[in-house]
Amino acid sequence: MLEIKNLHVKLEEEDKQILKGVNLTVEAGKVHAIMGPNGSGKSTLSYVLSGKDGYEVTEGSATLDGEELLDLEPEERAALGMFLAFQYPVEIPGVGNMTFLRTAVNAQRKARDEEELSASDFLKVVREKAKTLQIDAEMLKRPVNVGFSGGEKKRNEILQMAMLEPKMCILDETDSGLDVDAMKLVADGVNALRDEGRGFLVITHYQRLLDHIKPDVVHIMAAGRIVKTGGPELALEVENNGYANILAEVE
Amino acid sequence: MALPELKQSTTAARLAALSLPEGGCLEVARRAALSRVQSMGLPDRRDEYWKYTRPDTLTAVEAPRAAVLEAGEAPMFAEFDRLKVVFVDGVFDAEASDDLALEGVTIERLSDLRSKDIHWAKDLYGVLEARGQSPVERPLAALNTAFAEDGVVIHVTGSPSKPINLIYVHDSDSSDAILHHVVKVDSGAEATILENGPAASRFNKAMEIDIADGGTLHLVRAQGRDHERRAATHLFARLGSESVFKSFTLTVNGVLTRNEAIVEFTGDDAVAHVAGACVGDGDFHHDDTVFITHDAVNCESRQVFKKVLRNGATGVFQGKILVKPGAQKTDGYQISQSLLLDDDSQFLAKPELEIYADDVACSHGSTSGAIDEDGLFYLRSRGVPEGEATDLMTLAFLAEAVQEIDSDEIAAEVNERLHGWLSRRR
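Residues numbered from 1 in each chain as written. Chains lettered and ligands numbered in written order. Predicted model: local features only at pLDDT ≥ 70, side-chain atom pairs only at ≥ 80, totals over all residues. Heavy atoms only, no water.

Colleague: Any details on the overall build of chain B? Residues and values, ideally.
Modeller: A count of helical and extended segments in chain B gives eight helices and 19 strands. Radius of gyration (C-alpha) of chain B: 21 Å, near the 22 Å computed for a compact globule of 426 residues. Seen through its C-alpha atoms, chain B measures out along the principal axes to roughly 70 × 50 × 50 Å. In chain B, the proportion of contacts linking residues at least 24 apart, taken out of those at least 6 apart, comes to 85%. Put simply, chain B shows about 15800 Å² of open surface, and 46% of that area lies on carbon and sulfur atoms. (Helix = DSSP H or I, 4+ residues; strand = E, 2+ residues; numbered from the N terminus. Rg over C-alpha atoms; globule rule 2.2 N^0.38 Å. Contact = heavy atoms within 4.5 Å. Areas by Shrake-Rupley, 256 points an atom, 1.4 Å probe, with all protein chains shown as cover.)

Colleague: Before we move on, could you go through empty space enclosed by the protein and cite the residues and values that matter?
Modeller: Residues and elements named next belong to chain B. For the structure shown, the criterion picks out four cavities of 30 Å³ or more. Put simply, the largest cavity is a space of about 90 Å³. Lining the largest cavity are 14 residues, and of these Tyr168, Gly197, Phe203, Ala222 and Gln223 sit closest to its centre. Taken together, the residues of the lining of the largest cavity sort by class into five nonpolar, five polar and four charged. If you add up the space inside the second largest cavity, you get close to 70 Å³. Every element with two or more residues in the lining of the second largest cavity is listed here: strand 11 (244-252), strand 12 (256-265), strand 13 (271-281) and strand 14 (285-294). The biggest single contributor to the lining of the second largest cavity is strand 12, with three residues. Looking at the lining of the second largest cavity, its residues break down into six nonpolar, three polar and three charged. (1 Å grid on protein atoms, 1.4 Å probe; cavity = no way out; pocket = protein on both sides within 12 Å on 5 of 7 lines; lining within 4 Å. Points joined across faces, edges and corners; volume = space filled by probe spheres on them. Nonpolar A, V, L, I, M, F, W, Y, C, P; charged D, E, K, R; others polar.)

Colleague: Quick one: what's the story with the environment of A:Tyr206, residue by residue and with numbers?
Modeller: Residue and element names in this part refer to chain A. For Tyr206, the position within the fold is in the loop between strand 10 (199-203) and helix 8 (207-212). Tyr206 sits in the partly exposed class, given a relative accessible area of 45%. Separated by 171 residues in the primary sequence, Tyr206 and Met35 place their C-alpha atoms 7.6 Å from one another. (Buried < 20%, exposed > 50% of the residue type's maximum accessible area, 1.4 Å probe, protein only.)

Colleague: Describe the sheet that holds strand 17 (residues 331-340) of chain B, with residues and values.
Modeller: Residue and element names in this part refer to chain B. What the 10 strands build is an open sheet, ordered 2-1-5-7-9-11-13-15-17-19; its pairing is mixed. The sheet is open, and its two borders are formed by strand 2 (91-92) and strand 19 (361-369), each paired with just one other strand. Each of strand 11, strand 13, strand 15 (300-310) and strand 17 is contacted by helix 7 (residues 386-402), which is oriented at about 155° to strand 15, the strand it contacts most. Relative to the sheet, helix 8 (residues 408-425) contacts strand 7 (190-197), strand 9 (216-223), strand 11, strand 13 and strand 15, its axis offset from that of strand 11 by approximately 15°. (Pairing = 2+ DSSP bridges. Axes fitted to C-alpha atoms, helices over the stretch in contact; angles between N-to-C directions.)

Colleague: Run through the layout of surface pockets, naming residues and quoting values.
Modeller: Taken as a whole, the largest pocket encloses approximately 820 Å³ of empty space. Considering the residues around the largest pocket, the lining is formed by 28 residues, among which A:Gly94, A:Val95, A:Gly96, A:Thr99 and B:Leu392 are closest to the centre. Listed by contribution, the elements that provide at least two residues to the lining of the largest pocket are strand 7 (92-96), helix 3 (97-111) and helix 5 (137-141) of chain A together with helix 7 and helix 8 of chain B. Tallying contributions element by element places helix 3 of chain A first for the lining of the largest pocket, with seven residues. Within the lining of the largest pocket, the residues separate by chemical class into 13 nonpolar, eight polar and seven charged. Approximately 460 Å³ is the volume found for the second largest pocket. Looking at the second largest pocket, it is lined by 25 residues, and the ones nearest its centre are B:Ala71, B:Pro75, B:Gly197, B:Pro198 and B:Asp226. Breaking the lining of the second largest pocket down by element, the ones donating at least two residues are strand 5 (164-169), strand 7, strand 9, strand 11 and helix 8 of chain B.

Read these as spatial facts, not as claims about activity.
Structure below.
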């Protein structure tokens, strides 16, 4: 599904290489986790895949179902099925959450030559999905993420994911800023979306999110590269011993 | 003091091209206004109050031509249940207008007052304008008082069941219109006035509003989108105790617009909100000039102005809150913000506070900025194309001003129009 080959990325503004040859394949139906110390390039990878400005790809490719993502605008990638759950969801004062969701859903449907959802159909679907994430009507009415607590923002990300039904979901430190209960709620939302046709890339610092979202494959990223790949036990090793042993072993 | 020669000759030339309507109860006020113009002279570039906006096309003898826009859409408020009062190039059109009878309000033509010696409007016509000439001169308003042939005088005595919609049709590309309205709201009465349309190639409009104790007036206007039209408007409002005045102005296009609002609190516990949203492109120049005088206790004033500017458009804001001695517990708020969609556009702001009371809360803020890139990326990452995302962000920027409209129905109409215009221009 998602295939990243030899991806090299530097910051546009300064001559600083962040990703130095990332190779990674996420198959449909699988959950891959990426762990790694601060500054290893995890968030950069998620931004580059979703098309954020400010990064320059100097080498390599990233394809989704064979289509090159790196040549596309962010909205085109979204229409192909890419989704990034932001580490810091952006507040947009003045744009109602509901308007935002409907605009996004219909923009993607339009881009895929599908019929737009009517206001009433949309409302039905969004209410149902919001309920399972414990998002109340008030939150849907408020401006996007404005005045939301950390937990509400992350739940709102998962709601967007549920509404947009992407093929490939990247979760960038979705557990940051969440208490145990909130993390469980978010994880349940993610698990509900797991199915054979969908791939996940979960970026996290901590094992505890992976207790709730069980990964199939765990990668360790350091200094802009995937340095080790293994099963769920790799995450436990990190939790118990930190990165030092693994990094030493790789070097 | 003698006027500078150039100012004197400009003023004399302009006045010579106009003739003072004679007869009736307003003639004295007209003559007084004429002498005010003669002593002040019409504005020119050297006047401090016109530092950011060139008045020459507003004071020239001939109105510059302005093509009539074929908008290809229903006029604003067309779907509303309202009482229509139509002016074409500044002349009342009885046929296009509704019957002016409506319970809770009396509406008469200004020109009818020429045959009346006694009328309530005599106590207001030119009176609020004259009060508004100090401490800053507003010669175009005095010119309006002297020469306006048409307009309406509205006396709100109760709570009319529907809004009064003043519709200004632009028909001739060389039209030059002067309209003057007087609105008197009785104690406890409440009305909504809607205004829309470009009115003329050049439009000079004044509205004097007197709200008695406990009265409420909502004023929502949409200035026409004709690209080359020019307008200088003045709003003079005097508020009694516990009265409420809410005004919102939408301006999209128009090569030159100067909207002055002069609000005076004379009774305690009153509320005045003056808001505006504008979207300008290219040679668009839009100026909001506001002067709010607190001369009573515990009054709230709120100014919210938002401007979206692109392709070299210019926005101006001159807003002042004057709190007189004794006007304690004043709550004055003022914000003016511009969203600059490119490097060529500019926003010139002069926010002012002048306070002579010690127990007041006044704040002002003025900002200029580009569109929030993080917000834009967030929307795009969800599949919203860049143009549509920019429109959403633009509407969101304007929302704080549009929210000043109390009626959800009217606010929805404003938002819908804005959305349509933005997306068509993409």
